[in-house]
Amino acid sequence: MAITFKQKSILPGFGLSLGFTVVYLSLIVLIPLAAVFLKTSTLSWPQFWHVISGPRAVASYELSFGASAIAATINLIFGLIVAWVLVRYTFPGKGIFDSLVDLPFALPTAVAGIALTSIYASNGWIGQYLQPLGIKAAYSRLGVVIALTFTGLPFVVRTVQPVLEDLDKEMEEAAASLGADRLQTVTRVLLPAILPAALTGFAMAFARAVGEYGSVVFISGNMPMRTEITPLLIITKLEQYDYAGATAIAVVMLVASFALLLAINLLQAWSGGRLRSKSGAAIMGLVPSKA
């Protein structure tokens with residue numbers, strides 16, 4: 001029995017478009033990633049383990065992934081609030097606030113890092129008020145979280161916002177007519193509808209934060225074992241012409257990022273199918289049936 005990979009379509013050009021797609025992805029994604037693994041393969045297993053398990057490398061992993069998770073969680077919470085306000089309320093200057101959400105996309109990361117450092121330094125606009133409280137924002141781990149939160153905010157807002165705009169308000173009205181309060185409506189009607197998009201935004205914000213460099217390198221202080229992120233450690237090894245060591249640490253970041261994104265995407269698919277199937281039943285279940 002013959003096996004065919006071509007799907008019938010009224011539009012011609014499947015072979016050409018597929019070939020272009022494969023070549024483009026190979027040049028941009030597959031070949032560079034393969035080169036990283038090939039360069040790392042020049043190390044023996046003991047050498048590889050020595051590089052990736054060194055105290056300095058482990059400290060950078062903890063900071064990079066830990067700060068990224070904290071920043072993505074903050075963006076998940078406040079991104080939902082920002083998206084809700086922009087969709088459900090009308091107020092003066094709404095268009096300006098909506099445009100400011102995309103500022104981290106357009107602003108060069110180095111400019112963002114310099115601006116955040118100036119603001120949160122001990123003599124900055126905000127840092128001068130934090131200093132008497134014993135809070136050191138710039139040149140600390142807190143500064144890393146601030147920078148990663150700044151760069152990741154648009155991902156949550158822009159993934160949740162279209163879902164909220166397309167959400168049928170009749171579902172909320174039906175829940176209210178059945179006696180549900182606002183908390184029940186949010187947890188049993190709205191949350192199941194926006195949770196898959198929220199998880200997608202969280203995953204994108206986390207992935208962006210893990211690989212962020214420009215906005216962090218200025219505000220972190222780059223102190224080894226304390227405020228040094230993994231991308232900076234990779235750059236440091238490249239400057240020392242330790243290409244194999246740099247690619248070894250890069251492989252760890254790649255594998256960990258792929259594993260985390262896969263787990264989040266599987267969770268998103270599971271929760272999306274499960275919760276969407278129950279969204280209609282949840283409305284009818286808000287009020288217990290009378291015997």
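This structure is a prediction, so every number in the text was calculated from the model and none was measured. (Residues numbered from 1 in each chain as written. Predicted model: local features only at pLDDT ≥ 70, side-chain atom pairs only at ≥ 80, totals over all residues. Heavy atoms only, no water.)

Asks: Help me understand the packing of helix H3 (residues 55–88) against helix H12 (residues 230–239) in this model?
Replies: A pair of packed helices is characterised by two quantities: the angle between their axes and the separation of those axes. Relative orientation of the contacting elements H3 and H12 amounts to 145 degrees, with a least axis distance of 8 Å. Residues Arg56, Ala57, Ser60, Tyr61 and Ser64 of H3 lie in contact with H12, whose contacting residues are Thr230, Pro231, Leu233 and Thr236. Counted by class, the contact of H3 with H12 contains 4 nonpolar, 4 polar and 1 charged residues. (Axes fitted to C-alpha atoms, helices over the stretch in contact; angles between N-to-C directions. Helix = DSSP H or I, 4+ residues; strand = E, 2+ residues; numbered from the N terminus. Contact = heavy atoms within 4.5 Å. Nonpolar A, V, L, I, M, F, W, Y, C, P; charged D, E, K, R; others polar.)

Asks: Is there a simple way to explain the nonpolar core in this structure?
Replies: As a rule of thumb, nonpolar side chains are buried together in soluble globular proteins. Ranked by internal contacts, the top residues of the largest apolar core, which has 37 residues, are Tyr61, Phe65, Val160, Leu164, Ala248 and Ile249. Looking at this core, the elements with two or more residues in it are helix H2 (45–52), H3, helix H8 (141–166), helix H10 (182–210), H12 and helix H13 (243–284). For this core, the element with the most residues is H13, which contributes 9 residues. Those residues in contact with Ile249, other than ones at most four positions away along the chain, are Val51, Ile52, Tyr61, Thr230, Leu233, Ile234 and Lys237. (Core = buried A, V, L, I, M, F, W, Y, C linked by side-chain atoms within 4.5 Å. Buried < 20%, exposed > 50% of the residue type's maximum accessible area, 1.4 Å probe, protein only.)

Asks: What exactly am I supposed to notice about the environment of Tyr139 here?
Replies: For Tyr139, the location among the structural elements is in the loop between helix H7 (127–130) and H8. Residue classification places Tyr139 among the partly exposed residues on the basis of a relative accessible area of 37%. Excluding residues that lie within four positions of it along the chain, Tyr139 makes contacts with Thr117, Phe218, Ile219, Ser220, Gly221, Met223 and Thr227.

Asks: Would you take a moment to explain the packing of aromatic side chains for this structure?
Replies: In this description, an aromatic ring pair is defined by two values, namely the gap between the centres and the angle between the planes. Counting across every chain of the model gives 8 aromatic pairs. Judged by centre distance (5.2 Å) and plane angle (85 degrees), the ring pair of Phe105 and Phe155 falls under edge-to-face. Of the two residues, Phe105 sits in helix H5 (residues 103–106) while Phe155 sits in helix H8, which places them 50 residues apart along the sequence. Classification of Phe155 as buried rests on a relative accessible area of 13%. Among the aromatic side chains, those forming a connected cluster through ring pairs are Trp45, Phe48 and Trp49. (Phe/Tyr/Trp six-rings, centres within 6.5 Å; stacked < 30°, edge-to-face > 60°.)

Asks: Help me out: how do you make sense of the layout of surface pockets in this one?
Replies: If a probe as big as a water molecule is rolled over the atoms, it shows which places are left empty. In this structure, the largest pocket occupies an estimated 310 Å³ of space. As for the largest pocket, its lining consists of 13 residues, and the residues nearest its centre are Val210, Gly211, Met253, Leu254 and Ser257. If you list the elements that add at least two residues to the lining of the largest pocket, you get H10, H12 and H13. Tallied by class, the residues present in the lining of the largest pocket amount to 10 nonpolar, 3 polar and no charged. Size it by volume and the second largest pocket reaches roughly 180 Å³. (1 Å grid on protein atoms, 1.4 Å probe; cavity = no way out; pocket = protein on both sides within 12 Å on 5 of 7 lines; lining within 4 Å. Points joined across faces, edges and corners; volume = space filled by probe spheres on them.)

Asks: It is not clear to me how unusual backbone geometry should be interpreted in this structure. Could you clarify?
Replies: Residues other than glycine predominantly adopt negative phi, and peptide bonds predominantly adopt the trans conformation. We note that Asn222 has phi near 55 degrees; this positive angle belongs to a residue other than glycine. The residue Asn222 is located in the loop between helix H11 (214–219) and H12 in this model. At Met225, a position not held by glycine, the phi torsion is positive, near 75 degrees. Tracing the sequence through the fold places Met225 in the loop between H11 and H12. Judged by its relative accessible area of 43%, Met225 is partly exposed.

Functional significance is not addressed by these values, which are geometric in nature.
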